[in-house]
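Now for the letters of each chain:
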Amino acid sequence: MPRLTVVVPAYNEVAVLETFHARLTQVMGPLPLEWNVLYVDDGSRDATWALIEELVARDPRTTALKLSRNFGKEAALTAGLDHVDADAAVVIDADLQDPPELIPTLIERWQEGFDVVYATRTARAGETRLKRLTAALFYRSMEQLSDTRVPRDTGDFRLLSRRALDALRQLRERQRFMKGLFTWIGYRQTAVYYLREPRQAGTTKWNYWRLINLAIEGITSFSNAPLKLATWIGILSSIAAFLFALWTFGKAIVFGNPVHGYPSLMVVILFLGGIQLLALGVIGEYLGRSYTESKQRPLYFVEEQRPPRPRAP
Ligand code: UDP
Ligand code: MG
């Protein structure tokens, strides 16, 4: 029988985890495969770990990792996927926004021979119009800027085959934009569509600040376009400045040189100053990323494991 592990990152999810586990068990129970669930406690500050330990004690199909602090969802996911030794893994959020009922469909596609089966939402219930708009904007610009086609309206909810997991395990970059990495590895990928539900309980860990940072992360880890953009703005503004200089000199030669032009001078200085700062910012963004990368720090630390096991390589 094929073996499957369901990886669930959880950060302060005590309000919903019990319900999640019940629904997951209900869905997975009848399936003709050997399965287990791996909860990754991403340094929760509430009783999440205690609840997970309780689930482990109650249900032998439950395993768990506790990270040494909050490393963020991308690292929690990585930790979980690193510890999967089954034939495939499903990545799912704990808050029931990704319906566990979709897992059988993901498995079907996997058994047809796909390596990455991702779940794409057709509607976003319970999300504000602003969030939808910014999400749409992000996916569109990613498509424009990067060669890696990150599928639209797709979260981390997906199934990964053994070879996809092995490929992913080799990508140890610190700046982890998982959605991009999942796509980047290639192999046979396909989509399954579903309705995204509002969060069942607990609160979202994402705010606009985190989302903006994730978007910057996504663009800078999968595209050098902003660097080129800086170059292009530089070239265009130099051409504009040159034409402006010709025009000013021409005017001075034809009409003499009365002392005015303070406003135009100010405009040019401010404009160029702005562009220079922008370009520096863009370069700094990439430089900062290579700095983090060059430190070669581990992506996470595991504090505890349930059931206790020798650590995976
Ligand atoms: N999560 C995590 N570490 C974090 C933030 C979130 O492991 O630092 C988990 C969280 O417990 C949940 C999933 O990532 O299972 C998605 O988080 P959330 O529902 O807050 O994000 P949203 O669905 O609003 O994008
Ligand atoms: Mg959520």
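The shown structure was predicted, so the numbers you read here are calculated from the model rather than taken from an experiment.

**Regarding the nonpolar core**
Turning to step 1, where the next piece is worked out: Within the largest apolar cluster, 39 residues are counted, with the highest numbers of intra-cluster contacts made by V40, L81, L160 and L168.
Turning to step 2, where the next piece is worked out: Take this core: its biggest share by element is 5 residues, from helix α3 (residues 73-82).
Turning to step 3, where the next piece is worked out: If near-sequence neighbours (up to four positions away) are discounted, V40 is found in contact with V7, V8, P9, A10, L65, L67, A76, A79 and G80.
Turning to step 4, where the next piece is worked out: One finds A10, L33, V37 and L159 within the second-largest nonpolar core, a separate group that totals 37 residues.

**What about the coordination of the magnesium ion (ligand 2)?**
Each angle at a metal carrying four tetrahedral donors should ideally be 109.5 degrees, and each at a metal carrying six octahedral donors should ideally be 90 or 180 degrees.
Turning to step 1, where the next piece is worked out: Within the protein, the atoms that donate to the magnesium ion (ligand 2) are D95 (OD) and Q97 (OE1), at distances of 1.9 Å.
Turning to step 2, where the next piece is worked out: Taking the relative accessible area as the measure of exposure, Q97 reaches 11% and is therefore buried.

**Focus on the packing of aromatic side chains**
Turning to step 1, where the next piece is worked out: What the rule picks out here adds up to 5 aromatic pairs.
Turning to step 2, where the next piece is worked out: Between F20 and Y39 the ring centres are 6.2 Å apart and the planes differ by 70 degrees, which places this aromatic pair in the edge-to-face class. On the criterion of sequence distance, the pair formed by F20 in helix α1 (residues 17-28) and Y39 in strand β2 (residues 34-41) is long-range, its members being 19 residues apart.
Turning to step 3, where the next piece is worked out: By relative accessible area, F20 is classed as buried at 0%.

**Considerations on the packing of helix α5 (residues 129-145) against helix α8 (residues 208-222)**
Turning to step 1, where the next piece is worked out: Contact pair α5 / α8: the axes reach a minimum separation of 10 Å and the direction vectors enclose 10 degrees. The orientation of α5 relative to α8 falls into the category roughly parallel. Contact residues: α5 offers L130, K131, T134, F138, M142 and L145, while α8 offers Y208, L211, A215, G218, I219 and F222.

**Brief notes about the pattern of salt bridges**
Turning to step 1, where the next piece is worked out: Throughout the structure, instances matching the rule amount to 16 salt bridges.
Turning to step 2, where the next piece is worked out: Ionic pairing is found between D115 and R163, a salt bridge with its closest N-O pair at 2.9 Å. With D115 in the loop between α4 (103-111) and β5 (116-124) and R163 in helix α6 (residues 162-169), this residue pair connects regions lying 48 residues apart in the sequence.
Turning to step 3, where the next piece is worked out: Between R174 and E293 there is a salt bridge, with the nearest N and O atoms lying 3.5 Å from each other. In this pair, R174 sits in the loop between α6 and α7 (178-184) while E293 sits in helix α10 (residues 262-294), placing the two residues 119 residues apart along the sequence.
Turning to step 4, where the next piece is worked out: On the accessibility criterion, E293 (23% relative accessible area) is partly exposed.
Turning to step 5, where the next piece is worked out: It is possible to trace a salt-bridge network through shared partners that takes in E18, E54 and R58.

**Brief notes about the pairing of strand β1 (residues 3-10)**
Turning to step 1, where the next piece is worked out: A large share of β1 lies buried, amounting to 7 of its 8 residues.
Turning to step 2, where the next piece is worked out: Taking the sense of rotation as the criterion, the β-α-β connection linking β1, α1 and β2 turns out right-handed.
Turning to step 3, where the next piece is worked out: With 4 bridges connecting them, β1 and strand β4 (residues 88-91) associate as parallel partners. Note that in β4 the partner of V6 across the bridge is V90.

So, how was this worked out
- Position numbers for residues count from 1 along each chain, tracking the sequence in the order it is written.
- Whichever chain is written first becomes A and whichever ligand is written first becomes 1, with later ones labelled in order.
- Given that the model is predicted, a residue must reach a pLDDT of at least 70 before its local features are reported, and side-chain atom pairs must reach 80 or more before they are shown or counted; all residues, however, enter totals for whole chains, interfaces and linings.
- In computing side-chain values, all of the structure's heavy atoms are included and hydrogens and water are not.
- In these notes, a set of buried Ala, Val, Leu, Ile, Met, Phe, Trp, Tyr and Cys residues joined through side-chain atoms within 4.5 Å is what counts as a nonpolar core.
- Under the scheme applied here, a residue whose accessible area is under 20% of the maximum for its type counts as buried, over 50% as exposed, and between as partly exposed, the area being computed with a 1.4 Å probe on protein chains only.
- Secondary structure counts use DSSP, requiring at least four H or I residues in a row for a helix and at least two E residues in a row for a strand, with both numbered from the N terminus.
- Should any heavy atoms of two residues lie within 4.5 Å, those residues are considered in contact.
- Counted as donors are the N, O and S atoms within 2.8 Å of the metal, or 3.2 Å for Na, K and Ca, while water is not among the atoms, so some sites may look incomplete.
- Stacked, edge-to-face and tilted are the three classes for Phe, Tyr and Trp ring pairs, Trp counted by its six-membered ring, which pair at centre distances within 6.5 Å; planes under 30 degrees apart are stacked, over 60 edge-to-face, the rest tilted.
- Here an angle of 0 to 180 degrees is reported between the N-to-C directions of two axes, which are lines fitted to C-alpha atoms, with helices fitted over the stretch in contact.
- For this classification, under 35 degrees means roughly parallel, over 145 means roughly antiparallel, 65 to 115 means roughly perpendicular, and everything else is oblique.
- Salt bridge, as applied in this entry: a Lys or Arg side-chain nitrogen positioned within 4 Å of an Asp or Glu carboxyl oxygen.
- A right-handed crossover is one whose linking path, passing over the helix from the first strand to the second, runs clockwise when the strands point away from the viewer.
- Two strands pair under a simple rule: DSSP has to find at least two bridges between them.

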